[in-house]
Amino acid sequence: VAGYFIIKALVKKKSSTTTTTVPNTTTTALTTSTTITTTTTIPLTGYVFDRQWGSQGSGNGQFNNPCDILVPGTGYVLVVDSSNDRVQEFRDNGNYNYQWGSHGTGYGELNSPGGIGISPTSSFYIAGNINNNILKFSAQGYFGGQWGELGTAPAQMNHPMDVAIDGSGKIYIANTGNHRIDIFAGTAPNFITTWGGPGAGNGRRLTAKSILWP
């Protein structure tokens, strides 16, 4: 995500030549060496521009501070359009499909939402950020429940910014203002444990903002 539009890029690959010099182990030429040259194709850091879409605004296909992207692997791209308090769905060629979400602090409403994650059952979870909650939506964008409240106690939240779900259905929350990762399980969901806390040491998080389940 860059500015008010979406950029798609492709990985650039290039041939690379590697030269290695190794000692000659034959008994007839102890002072010589052998040079072996191999050519391989390796991915390089850098991308080839493919396309972009979007512009600043609140209309269909427009953006106001897009903050996260999810590609479910079905030919669609979901974009969390944070300052417009919605999620927009596009075809992977950039064509607008539909959207869901509305501004507010009530049940099922969004207020500068953060990241989005997808469960093994294709439900979407959104980090509520300012509303200090996590919201669940169906694959069609229908609201399915929420949980969370402001606080520092276990399972409470302070501006959660991202969410990821592993293959077993565990839900990982980047609890940004509380400087930790909270883990939930089940459809309730049920709080399991927390990782991290304020600090710069190993396992500590000054500000947990993003989380990715590979």
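Residues numbered from 1 in each chain as written. Predicted model: local features only at pLDDT ≥ 70, side-chain atom pairs only at ≥ 80, totals over all residues. Heavy atoms only, no water.

1. A few points about the side chain of Asn-133
For Asn-133, the position within the fold is in the loop between β8 (124-127) and β9 (134-137). What makes Asn-133 buried here is its relative accessible area of 3%. Excluding its chain neighbours within four sequence positions, the residues that come into contact with Asn-133 are Ile-126, Ala-127, Gly-128, Gln-146, Trp-147, Gly-148, Met-157 and Pro-160. (Helix = DSSP H or I, 4+ residues; strand = E, 2+ residues; numbered from the N terminus. Buried < 20%, exposed > 50% of the residue type's maximum accessible area, 1.4 Å probe, protein only. Contact = heavy atoms within 4.5 Å.)

2. Some thoughts on the nonpolar core
Soluble globular proteins: nonpolar side chains tend toward being buried together. Ranked by size, the top nonpolar core spans 11 residues in total: Leu-70, Leu-78, Val-80, Val-87, Trp-100, Leu-110, Ile-116, Phe-124, Ile-126, Leu-135 and Phe-137. Within the residue set of this core, elements represented by two or more residues are β4 (76-81), β8 and β9. Apart from the residues lying within four places of it in its own chain, the contact partners of Phe-124 are Leu-70, Pro-72, Leu-78, Trp-100, Ile-116, Gly-117, Ile-118, Leu-135, Lys-136, Phe-137, Ser-138 and Ala-139. Counting 10 residues, the second largest nonpolar core, distinct from the first, contains Trp-147, Ile-165, Ile-171 and Phe-184. (Core = buried A, V, L, I, M, F, W, Y, C linked by side-chain atoms within 4.5 Å.)

3. Comments concerning the sheet that holds β8
As summarised here, the arrangement of the four strands in space is β7-β8-β9-β10, forming an open sheet in which the pairing is antiparallel. Since the sheet does not close on itself, it has two edges, and those belong to β7 (116-118) and β10 (143-147), each with one partner. In this sheet, neighbouring strand axes are inclined to one another by 20° on average, regardless of whether the strands run parallel or antiparallel. Sheet topology places β9 next to β10; four bridges connect them, and they run antiparallel. Paired with Leu-135 across the two strands is Gln-146, which belongs to β10. (Pairing = 2+ DSSP bridges. Axes fitted to C-alpha atoms, helices over the stretch in contact; angles between N-to-C directions.)

4. Some remarks on the environment of Asn-132
Relative to the helices and strands, Asn-132 is located in the loop between β8 and β9. Note: C-alpha distance between Asn-132 and Gly-148 (16 residues apart in sequence) is 6.1 Å. Discounting chain neighbours no more than four positions away, the residues touching Asn-132 are Gly-148, Glu-149, Leu-150, Met-157, Asn-158, His-159 and Pro-160. At a separation of 2.7 Å, a polar atom in the side chain of Asn-132 contacts the main-chain amide nitrogen of His-159. (Polar contact = N/O pair within 3.5 Å; in protein donor to acceptor, adjacent residues only side chain to side chain.)

5. Some points on the pairing of strand β12 (residues 171-175)
By the criterion of burial, β12 is predominantly enclosed, with five of the five residues buried. Taken together, the four bridges between strand β11 (residues 162-165) and β12 define a ladder with antiparallel strand orientation. Residue pairing for β12: Val-163 is matched across the bridge by Ile-173. Count of turn residues in the β11/β12 antiparallel hairpin: five residues, of which Gly-169 carries a positive phi of about 95°. Looking at chain direction, β12 and strand β13 (residues 180-185) are connected through five bridges and run antiparallel. The partner of Ala-174 across the bridge, within β13, is Ile-181.

6. A closer look at the environment of Gly-145
Here Gly-145 lies in strand β10. A residue is classified by how much of its surface remains accessible, and Gly-145, at 13% relative accessible area, is buried. Taking the C-alpha atoms as reference points, Gly-145 and Tyr-125, separated by 20 residues in sequence, lie 9.7 Å from one another. If we ignore the near neighbours within four places in the chain, the residues touching Gly-145 are Tyr-107, Ile-134, Leu-135 and Lys-136.

7. Looking at the sheet that holds strand β6 (residues 96-100)
Pairing within the open sheet is antiparallel, and its four strands lie in the order β3-β4-β5-β6. The open sheet has two edge strands, β3 (66-70) and β6, and neither has a second partner. Strand after strand, the sheet turns through a mean of 25° between neighbouring axes, direction not considered. Relative to β6, strand β5 (residues 86-91) is paired through four bridges, and the arrangement is antiparallel. Counterpart to Val-87 in the pairing with β6 is Trp-100.

8. Structural notes on the confidence of the model for the chain
Of the residues in the chain, 70% reach a pLDDT of 70 or more, and the chain-wide mean stands at 81. Note that residues 11-22 has pLDDT below 50 and, in this model, 40 contacts with residues that lie over four places away or in other chains. Under a pLDDT of 50 for its full length, residues 25-34 has, in the predicted model, 10 contacts with residues more than four places off or in other chains. (pLDDT = per-residue confidence, 0-100.)

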